[in-house]
Amino acid sequence: MSTASGASTPSDLADVPVRDASTVILLRDAAAGIEVFLLERVGGMAFAGGMTVFPGGGVDLSDADADTGLEWTGPSASWWAERFGVDERKATALVCAAARETFEECGVLLAGPTADSVVSDTRRFADDRGALERREQTFGEFLTRNELVLRADLLRPWSNWITPVGEKRRYDTRFFVAVVPEGQTADGETSEAASVGWRSLDAALEDWRRGATILLPPTWSQLAGLTTFDGVDAVLAASPDVTPIQPDLYHSDGELRVDFPGQDAYYAGSTHPWADR
């Protein structure tokens, strides 16, 4: 996207490096329609503190090496590389980071003892989950030691957003969608979340409109886009365009705002002006 009129970038923020990240939109069908699992990040965190987000985080160096001796089922690294426009090593890291972050942040494990099964109860891996969050072991080590197969086929590529130039931390985030495996329960046993919960798409957007939550543009965009689907099966069957979107920061009437696809609807509904975080 081109830079909007009036944009300016502080010199000390112009060269902030961009880190790869993976975010997973966990879905389930409910009486009220599609529901998503959302976390309110702990206030004061270096990035998106106090914001309502999907599970996810930065790619670790170990994620790129997780395929060493790791069993993997589903689309190959080359397939993911083509969808995300990256090389196979980075594609592997993005998929592994998506599965790792989902397990760390909400206890949902996209893996099983065989290529066509999935863990039904993750509570027995509670200690491993804590060790992963503390970076005392890698995701590949955890899966290999427990003879688990990474179920890449349970993930679908969804979108790609890049943090605007001018932010203190920047991420090139690939969004995935996934359904919580039968028998597993998403929870809030993570140091990064102040609260968690399932919300219907309409309820999540209404919370935002009335100022009960704060949604960054990428989160809002995913929620709004999912309202066009009748159910989870329709989402999983979709093949969305994953062209990167990099919003632009600009000033309007003294406020810092962001220029991105759908911005008019975002600002019309939001009670929270964009703030530099």
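Here the residue numbers are simple positions, counted from 1 along each chain's written sequence. Residues qualify for local features only when their pLDDT is at least 70, as the model is predicted, and side-chain atom pairs are given and counted only at 80 or more; totals for whole chains, interfaces and linings, by contrast, use all residues. Computation of side-chain values covers all heavy atoms of the structure but excludes hydrogens and water.

**Some points on the overall build of the chain**
Looking only at helices and strands, the chain has 8 helices and 12 strands in total. Three exposure classes are used, based on accessible area relative to the maximum for each residue type with a 1.4 Å probe and protein chains only: buried under 20%, partly exposed in between, and exposed over 50%. Residue burial in the chain is summarised as follows: out of 277 residues, 51% are buried. Contact criterion: two residues are considered in contact whenever any of their non-hydrogen atoms come within 4.5 Å of each other. Considering only residue pairs separated by 6 or more positions, the chain has 72% of its internal contacts joining residues 24 or more positions apart. Accessible surface area values rest on a Shrake-Rupley calculation with a 1.4 Å probe, where residue burial reflects the displayed protein chains alone. Here the chain displays about 12,500 Å² of accessible surface, and carbon together with sulfur accounts for 47% of that area. Think of it this way: any DSSP run of H or I at least four residues long counts as a helix, any run of E at least two long counts as a strand, and we number them from the N terminus.

**Some points on the packing of helix H2 (residues 88–106) against helix H3 (residues 126–133)**
Simply put, an axis is a line fit to the C-alpha atoms, just over the touching stretch for a helix, and the angle between two N-to-C directions goes from 0 to 180 degrees. Direction vectors running N to C along H2 and H3 enclose 115°, while the axes themselves pass 9 Å from each other. When the axes of H2 and H3 are compared, the pair comes out roughly perpendicular. Judged by the twist between their axes, the crossing of H2 over H3 is left-handed. In contact with Phe-103, Glu-104, Glu-105 and Cys-106 of H2, H3 contributes Arg-129, Leu-132 and Glu-133. For the contact of H2 with H3, the residue count by class is 3 nonpolar, no polar and 4 charged. In what follows, roughly perpendicular refers to angles from 65 to 115 degrees, roughly parallel to angles under 35, roughly antiparallel to angles over 145, and oblique to any angle outside these ranges. Whether a crossing is left-handed or right-handed is set by the direction in which the near helix is turned from the far one by less than a right angle, anticlockwise for left-handed and clockwise for right-handed. Charged means Asp, Glu, Lys or Arg here, nonpolar means Ala, Val, Leu, Ile, Met, Phe, Trp, Tyr, Cys or Pro, and polar covers whatever is left, Gly included.

**Notes on the sheet that holds strand E5 (residues 72–73)**
Reading across the sheet, the 3 strands line up as E5-E7-E6 and stay open at both edges, with mixed pairing between neighbours. Single-partner strands in this sheet number two, and they are E5 and strand E6 (111–112). Between any two strands, at least two bridges found by DSSP are needed for them to pair. As defined by bridge partners, E6 adjoins strand E7 (residues 149–151) across 2 bridges and the pair is classed as antiparallel. Paired with Gly-112 across the bridge in E7 is Val-149.

**Some words on the nonpolar core**
Leu-26, Leu-109, Phe-142, Leu-155 and Phe-176 are the most contacted members of the largest nonpolar core, which totals 44 residues. The set of elements that each furnish at least two residues to this core consists of strand E1 (18–30), strand E2 (33–41), helix H1 (77–84), H2, helix H4 (139–145) and strand E9 (170–179). When residues of this core are assigned to their parent elements, the largest contribution, 10 residues, is made by H2. Apart from the residues lying within four places of it in its own chain, the contact partners of Phe-142 are Phe-103, Leu-109, Phe-125, Asp-128, Leu-132, Gln-137 and Leu-148. Residues belong to one nonpolar core when they are buried, are Ala, Val, Leu, Ile, Met, Phe, Trp, Tyr or Cys, and are joined through side-chain atoms within 4.5 Å.

**Considerations on the pairing of E1**
Relative to E9, E1 runs parallel, the two being bridged by 10 bridges. If you follow Leu-27 over to E9, its bridge partner there is Val-179. As defined by bridge partners, E1 adjoins strand E4 (residues 56–58) across 3 bridges and the pair is classed as antiparallel. When the sheet's bridge partners are listed, Ser-22 is paired in E4 with Gly-57. In the sheet, E1 pairs with E2 via 4 bridges, with the strands oriented antiparallel.

**Let's talk about the pattern of salt bridges**
Once their charged atoms are close, side chains differing in charge can pair, the charge on each being opposite to the other. The salt bridge definition used is simple: a Lys or Arg side-chain nitrogen within 4 Å of an Asp or Glu carboxyl oxygen. Taken as a whole and judged by the stated rule, the model has 20 salt bridges. A salt bridge links Arg-100 to Glu-101; its shortest N-O distance comes to 3.1 Å. On the basis of relative accessible area, Arg-100 is assigned to the buried category, the value being 2%. A salt bridge links Asp-187 to Arg-129, with the nearest nitrogen and oxygen atoms 2.8 Å apart. With Asp-187 in the loop between E9 and strand E10 (193–200) and Arg-129 in helix H3, this pair connects stretches of sequence that are 58 residues apart. Exposure remark for Asp-187: the relative accessible area of 22% places this residue in the partly exposed category. Relative accessible area serves as the criterion here: at 9%, Arg-129 is assigned to the buried category.

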